[in-house]
Amino acid sequence: MRRRGAFTLVELIVVLALVGLLAALIAPSFTRTIVSARLRSAASDVRGVLARARALAVAGARDRVVTFDPGNGTFGIDNDTVHRLPETIRLGGAGDPEEGRNGGEFRVRFFVDGSAQEAEIFVTAEDGGRLRVTVEPLTGIAEAGT
């Protein structure tokens, strides 16, 4: 005699198979979400360091330089505090074209009046996703976008 509220082995196996199928369908989407969040976070970090450099240049009445090293995935203001991107995120872009590139590094200079060199920095994920961080030369304001 079957007890009320009990499940058979076949019913449990069917439920576990359905749960496994759903997990297999959801896992790739979850992975893309994590990569996208890391990419947005990295672009936000780059924009934050650029904004801090502008504020320090104006407050300290001296030019500040943000140096980017795409080979190491590092960047920082006047080489004081170095920020490192996650292993799966890469840097690319260019500062002022007049300055050129030095061993793969590039720089963005902020001036005491709040202006800056025009710059475009790309933050790229290994899955091909990419965000652009730009510095407006007249205002020195950095924006992270598409």
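Because the structure is predicted, anything quoted here is derived from the model rather than measured. (Residues numbered from 1 in each chain as written. Predicted model: local features only at pLDDT ≥ 70, side-chain atom pairs only at ≥ 80, totals over all residues. Heavy atoms only, no water.)

*Asks:* Is there a simple way to think about the packing of aromatic side chains in this case?
*Replies:* Describing an aromatic ring pair means giving the distance of the ring centres and the angle of the ring planes. Inspection of every chain in the model, using the stated rule, returns 2 aromatic pairs. Arranged with centres 5.7 Å apart and planes meeting at 20°, the rings of F68 and F75 form a pair that is stacked. F75 matches F68 in its accessibility class, with the two residues each being buried. Note on F68 and F106: the rings are 5.1 Å apart at their centroids and 15° apart in plane angle, and the pair reads as stacked. Highlighted residues: F68 in strand β1 (residues 64–69) and F106 in strand β5 (residues 106–110), separated in sequence by 38 residues. Residue F68 is classed as buried on the basis of its relative accessible area, which comes to 0%. Its relative accessible area of 1% is what places F106 among the buried residues. Three or more aromatic residues joined by ring pairs form one cluster here, namely F68, F75 and F106. Here R130 stacks its cationic end above the ring of F122, 4.1 Å away from the centre of that ring. (Phe/Tyr/Trp six-rings, centres within 6.5 Å; stacked < 30°, edge-to-face > 60°. Buried < 20%, exposed > 50% of the residue type's maximum accessible area, 1.4 Å probe, protein only. Helix = DSSP H or I, 4+ residues; strand = E, 2+ residues; numbered from the N terminus. Lys NZ or Arg CZ within 6 Å of the ring centre and 35° of its normal.)

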